[in-house]
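# Geometric and topological summary
Each chain, letter by letter, is given below.
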Amino acid sequence: MSTLILGIESSCDDTSAAVIRDGYLLSNVVASQAVHEAYGGVVPELASRAHQQNIVPVVHEALKRAGVTKEELSAVAFTRGPGLMGSLLVGVSFAKGFARSLGIPMVDVNHLNGHVLAHFIQVEGEETDQPEYPFLCLLVSGGNSQIILVRGYNDMEILGQTIDDAAGEAIDKCSKVMGLGYPGGPIIDRLARQGNPKAYSFSKPHIPGLDYSFSGLKTSFLYSLKQWLQEDPQFIAHHKEDLAASLEATVVEILMDKLRKASKQCGIKQVAVAGGVSANNGLRQAFKDHAAKYGWKIFIPKFSYTTDNAAMIAIAGYFKYLDKQFCPMEAPAYSRVSL
Ligand code: KG4
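### Regarding the environment of G40
- Among the structural elements, G40 can be located in the loop between β3 (24–32) and α1 (44–66).
- The class of G40 is partly exposed, set by a relative accessible area of 25%.
- Non-local contacts of G40, meaning those with residues more than four positions away in its chain, are made with K176 and Y182.

### Digging into the nonpolar core
- Judged by nonpolar contacts, the single largest core of 44 residues is most densely connected at L138, F214, L255, L259 and L283.
- For this core, the secondary structure elements donating two or more residues are β6 (135–140), β7 (145–152), α4 (167–177), α5 (184–192), α6 (215–231), α7 (235–266), β9 (270–274) and α8 (281–294).
- The element that contributes the greatest number of residues to this core is α7, accounting for 13 residues.
- Discounting residues that sit within four places of it in the chain, L259 has contacts with L138, I147, Y212, V271, F287 and W296.
- Within the second largest apolar cluster, 35 residues are counted, among which are A118, V150, Y305 and A314.

### Description of the sheet that holds β9
- Judged by pairing direction, the sheet is mixed, and its five strands sit side by side in the order β8-β7-β6-β9-β10 without closing on themselves. Bordering the open sheet on either side are β8 (155–161) and β10 (297–299), each of which pairs with just one other strand. Going across the sheet, the axis of each strand differs from the next one's by a mean of 25 degrees, ignoring polarity.
- Pairing of β7 with β8 involves six bridges; the strand directions are antiparallel. The partner of V150 across the bridge, within β8, is M156.

Scoring rules and cut-offs
- Residues numbered from 1 in each chain as written.
- Predicted model: local features only at pLDDT ≥ 70, side-chain atom pairs only at ≥ 80, totals over all residues.
- Heavy atoms only, no water.
- Helix = DSSP H or I, 4+ residues; strand = E, 2+ residues; numbered from the N terminus.
- Buried < 20%, exposed > 50% of the residue type's maximum accessible area, 1.4 Å probe, protein only.
- Contact = heavy atoms within 4.5 Å.
- Core = buried A, V, L, I, M, F, W, Y, C linked by side-chain atoms within 4.5 Å.
- Pairing = 2+ DSSP bridges.
- Axes fitted to C-alpha atoms, helices over the stretch in contact; angles between N-to-C directions.

Put into structure tokens, the structure is as follows:
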């Protein structure tokens, strides 16, 4: 008999549901919330309300596209944390009610584990190159920048992480002060393709070990920008491509320096990247360059699995389901947690 898992993701501003059969993706529906654009960032209360509106139609659509009925499901996997508490509660409460009404088990998934395990999603008719344990994963999103040693689907160790801002957060904030829009990551990425990455230099952190820091870069960017704007009020309009390219290049360099160090220290050359920032073209190219130069075997996710999605929650839930790691009905959501 096949194993059918419904995955539910609602940790931030994307409501998503996905269905996986025996590790193969049947559907992945994501409803993004445009309501936050006007505010230049996610407004938690608005996010919770939008999740409430979206969750039922999104789950319905995911089941429909997968061509399965809810009665066929083996379990419901859901993001239990970390994330925005109000947003998480919508997905967690829905998963509990749905699983209870169907009399099937629930599997709780750590959102960050989900990002890493997105590399194991298989699609019928598509060849997927999956990493073998152990491997390293650079997890870069709006809220996290971590180097993770992945020994097994349920055995992950954070070797290094940001001590202040995350990489995506720094890019988003710099983009915001340039008045470029929200979220800044994709805008900076697009502009950077037309700019000179060596046009400007910004400060880089000197943090021991494998930890990251991005707040110094952000401050140096803002300070330089202020000075340039005093000399030329049109500075951003004239130089946004070069600014974006130089900012992106610095972020990528900071990320790759520590990742190279981790690979050397662990003697591991299988290196994956995950999270929203892994959509960045400069970072993807840096991975390819490292593969050529250092003999890394690299794993770069499909664009659809980079930002928040339920397919990654469903695959993580599938592995836990096979090991019968079910979640009790009283399990609360959690807003903060490490792996
Ligand atoms: O993993 P994710 O979807 O969610 C959370 O962290 O909640 O990551 C979102 C982050 C944002 O900072 C966004 O600006 C960034 O990923 N991002 C990118 C790109 N696409 C999304 N950053 C750089 N280049 C991109 N193409």
